[in-house]
Structure formats: C-alpha cells, structure tokens
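Geometric and topological summary
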Amino acid sequence: MAEKIINLKNEAIGNILEAKDEKELERLKILYLGRSGKINQLTKEFPHFSPEEKIKAGRQLNETKKAIEEALENQLSAVSNQLSAKEEWFDVTEPSIKPKIGHLHLLTEAIREISSVFEKIGFVRVRYPEVEWDWYAFEGLNMPSTHPARDDFESFFVDTPAHPKLGRMTLTPHTSNGQLREMERIKPPIRMINIARCHRPNWDITHTPTFHQFEGLVIDKGINISHLKGIFDYFAVNFFGKDRRTRLRPFHFQFTEPSFEVDINCPLCLGKGCRTCKSGWMELGGSGMVHPRVLENGGLDPNIYSGFAFGWGVERTYIMRSGLKLGDIRPLYESDLRFINQF
Ligand code: DAH
C-alpha cells in the first residue's frame, strides 16, 4: 500500500507541474482529490487492512493529499503570473514618453555664456564680496562720502559698526568693487571678469532691487583706448553676431578718465537708424580708462601701468541679444514656472 501511495503522489505532482493553465489544474484536482478521485479510491481498500495498517495508510494518504493541494496552489499562482506577464508585454522599439528634464535659469545661462566669451581671450572669472566695505564700493573708486556722484549708486547700507579705515558696509550697488579687490589680489597683467549680484533700491519694469553686472578690468603696461575698443568689438561679434560693432560716447564716471558709454549697432539696421532703434545704436553700458587715483588706491603706480574697465548689466545685455522683448524684467526674479519654462 505504502508504495502505491508514493507512486500516486509522484504521478500527481509530476502532472501538476506540467499543467499549463487553470483549466488543466482544475481537471487534475478532480482527478486526484475529487469524491471519486484516485485518493478516495485507494481508501476503498482499507477494509481489508489490520487496524495498525489502517492508521499508517491513513496518515500517509493525508500527507499525500496535503502535498497535492500545495502543489496545485503553487502551480496555479505560477500559471497566472505567467499569464499576467504576457499581458504586460510591450514593444521596446516603440518611442517612449520623454522624461521631463529641467534646464538652467535664463540668467545662469547668460552668466556662463558671457564668461566663456571673455575666457577665450584670457580673462579670468572672479567673484568678490557682495556685501562690501564702503572703501571698495565707493571711496577707493574716487567717490568720497560727500561726493554727489554717489547719488547714481543709491545703496542698501548694512546696519553694522563702521570699520575705522574701510567705512560702512553696503550691498554692492555695482561690480566695480572688484577692480580694487583684483589689484590687491594680483599684480598686472590683469584680465578680470567679475560677475556678481548688485543691489539698488529700485522696482519698476526695467529695474529690480537685485540684478547682475559683469565687470571687466585689464591692466598692464601700455594699455590704451584702442585695446578697450578692440575688446568691445570682439565681444559684440562673439556674443551678438558677426555684423555687430560698438561705438563709444563720451561720458563721466568718477573711477575712469576718460569715460565712455558703449553702444552697439542695432541688429535690424546695423547702425543706419530704423523705427525700432531710431538712432541706429543701443546702449550697452559704462566703461573707461582706469583713473590714476584708482590705480594708486589699488597699489599700482599709474606712471607704469594703465588699464581700462567696463561694467554692464547681465540681464540687459542678455535680453538685448536674445530679442526677448521683455516689457518687464521683474519676472526674471519671480520664479513663476509659466514664465521660466518658456526659455
Ligand atoms: N559701475 C558703473 C555702474 O554701475 C558702470 C561702470 C562704468 C563700470 C564705467 C566701469 C566703468 O568699470 O569703467 O553704472
């Protein structure tokens, strides 16, 4: 009897493992465990057994029944998993949905691009404090505290005790503090591009209290205005396009002598004058030959060294190039994704 039961168990489990679908498993369940299934048929032989044999065979049959039930259950879940895997089949060659990719903020892109144009001709990008002593932001740039030129650079002063030599602290209203800082850091030749945050208390469609400037400074022996003009034309061509040129207009800044406003020719009429630009030219920003007093304040002898400097707005320059026609620059700082995602 024991052998018969083992054979039945082996046969049943073998068949169950080969079953490919639910229907087949259902059939096997009836075949082995059903009322007139193979297990029950074996019990028909029990009456001929001695009481001990009955107990032994009963226990063995019960175990077999359990093993068959377990095998049926396992195979059922294996078969249904295979089925659902089939349902999830997909074509790997089919074009998929593109994952969303972020991008740099417009201003970060502008800063990187401006730096790279200057870095190609040996300028080194530096950064200096954006909370700065009066000396670097004003006094050392030839603007003593009583000078009316300071009115152009209305500033946020910090409410801290003044330094005995360097004066009060201010949020930098321009990047020109970098000029003195750079002269303190290294001896000429100097080719600096300082891009930093600036602050002035203005808020309207063309001004935000925080904005960015890029400040260039070149100092060496024998630097003159033609170098300044050459660098501006290089920038015009490489940043704005091959037909672009600059022109200089006399101006006044305390820290340069002579001083200029730099204009760039209009992209539409290239300087002839049209409805968009009127004069043919558009203003880029300030520049000039570094004032001898500023060189001295930076520890350099103006009889040996000369240099030029310029300071232009990042936002303004970038907007002029990309033709964004932003009526209002404030959205640049408002983190509204509906605006930012357009670029
Ligand atoms: N710092 C000036 C401003 O914010 C711009 C400027 C003018 C920078 C002339 C210079 C310069 O380096 O030479 O308006």
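Just above sits the structure.
The notes below deal with the structure included here. Computed from a predicted model, the values in this text were never measured in an experiment.

In this section: the packing of helix H8 (residues 225-240) against helix H10 (residues 314-322). Each pair of packed helices can be described by the angle between their axes along with the distance between the axes. In contact at an axis separation of 10 Å, H8 and H10 are set at 55 degrees when each is read in the N-to-C sense. Classified by the angle their axes make, H8 and H10 are oblique. Along the contact surface, H8 presents Phe-235, Phe-239 and Phe-240, while H10 presents Thr-317, Tyr-318, Met-320 and Arg-321. Class assignment of the residues belonging to the contact of H8 with H10 gives a composition of five nonpolar, one polar and one charged.

A word on the site of the ligand. Close to the ligand lie 16 residues; His-174, Ser-176, Arg-200, Gln-213 and Glu-215 are nearest. Contact distances for the ligand include 3.0 Å between an oxygen atom and a side-chain N or O atom of Gln-213. In the environment of the ligand, an oxygen atom lies 3.2 Å from a nitrogen or oxygen atom belonging to the backbone of Ala-309. Relative to its free-state accessible area of 360 Å², the ligand is covered by the protein chains to the extent of 93%.

The subject of this paragraph is the environment of Ile-68. Relative to the assigned elements, Ile-68 resides in helix H4 (residues 51-87). Take Ile-68: its relative accessible area is 0%, and that puts it in the buried class. Linking Ile-68 and Ala-12, residues 56 residues apart in sequence, is a C-alpha distance of 6.8 Å. Setting aside anything within four residues of it in sequence, one finds Ile-68 in contact with Ala-12, Ile-16, Tyr-32, Leu-33 and Ile-39.

What follows covers helix H5 (residues 106-119). Counted at 1.5 Å a residue, the expected span for H5 with its 14 residues is 20 Å, and the 20 Å between its end C-alpha atoms agrees. If you check which residues of H5 are buried, you get Leu-106, Leu-107, Ala-110, Ile-111, Ile-114, Ser-115, Val-117 and Phe-118. For H5, the angular spread of the buried residues around the axis is 160 degrees, confining them to a single face. Residues of H5 that are buried sit in contact with strand E1 (124-126), strand E5 (190-199), strand E6 (210-220), H8, strand E10 (306-313) and H10.

Let's shift gears to the pattern of salt bridges. Taken as a whole, this structure holds 15 salt bridges when the rule is applied. Its salt-bridge partner being Asp-263, residue Arg-247 comes within 3.0 Å of it at the nearest N-O pair. Taken together, the residues span a long stretch of sequence, with Arg-247 in strand E7 (residues 246-253) and Asp-263 in strand E8 (residues 256-265) at a distance of 16 residues. On the basis of relative accessible area, Arg-247 is assigned to the partly exposed category, the value being 29%. Using a relative accessible area of 3% as the deciding quantity, one classes Asp-263 as buried. Because the salt bridges share partners, they merge into one network encompassing Arg-127, Glu-130 and Arg-197.

A word on the packing of aromatic side chains. Under the criterion given, the structure shown has 22 aromatic pairs. Considering the side-chain rings of Phe-138 and Phe-153, the 6.5 Å spacing of their centres and the 65 degrees angle between planes classify their relative orientation as edge-to-face. Remark: Phe-153 occurs in the loop between helix H6 (134-137) and strand E3 (157-163) and Phe-138 occurs in the loop between H6 and E3; sequence separation between them is 15 residues. A relative accessible area of 1% places Phe-138 in the buried class. Taking the centre distance of 5.7 Å and the plane angle of 80 degrees together, the rings of Phe-214 and Trp-312 count as edge-to-face. Here the residue Phe-214 occupies a position in strand E6, and Trp-312 occupies one in strand E10, the gap between them amounting to 98 residues. Overall, the relative accessible area of 1% leaves Trp-312 in the buried class. Here the aromatic cluster, defined as three or more aromatic residues joined through ring pairs, consists of Phe-118, Phe-123, Phe-214, Phe-232, Phe-235, Phe-239, Phe-240, Phe-308, Phe-310 and Trp-312. A cation sits over an aromatic face here: Arg-181 above Tyr-136, 3.9 Å from the ring centre. The positively charged end of Arg-321 is found above the aromatic ring belonging to Phe-239, 4.4 Å away from the centroid.

To continue, consider the pairing of E3. By the bridge criterion, three bridges tie E3 to strand E4 (residues 167-171) in an arrangement that is antiparallel. Bridge assignment links His-163 to a residue of E4, and that residue is Gly-167. Hairpin connection between E3 and E4: a loop of three residues separates the two successive antiparallel strands.

Rules behind the numbers
Residues numbered from 1 in each chain as written. Predicted model: local features only at pLDDT ≥ 70, side-chain atom pairs only at ≥ 80, totals over all residues. Heavy atoms only, no water. Axes fitted to C-alpha atoms, helices over the stretch in contact; angles between N-to-C directions. Helix = DSSP H or I, 4+ residues; strand = E, 2+ residues; numbered from the N terminus. Parallel < 35°, antiparallel > 145°, perpendicular 65-115°, else oblique. Contact = heavy atoms within 4.5 Å. Nonpolar A, V, L, I, M, F, W, Y, C, P; charged D, E, K, R; others polar. Near = heavy atom within 4 Å. Polar contact = N/O pair within 3.5 Å; in protein donor to acceptor, adjacent residues only side chain to side chain. Areas by Shrake-Rupley, 256 points an atom, 1.4 Å probe, with all protein chains shown as cover. Buried < 20%, exposed > 50% of the residue type's maximum accessible area, 1.4 Å probe, protein only. Expected span 1.5 Å × (residues − 1). Arc of directions from axis to C-beta. Salt bridge = Lys/Arg side-chain N within 4 Å of Asp/Glu carboxyl O. Phe/Tyr/Trp six-rings, centres within 6.5 Å; stacked < 30°, edge-to-face > 60°. Lys NZ or Arg CZ within 6 Å of the ring centre and 35° of its normal. Pairing = 2+ DSSP bridges.

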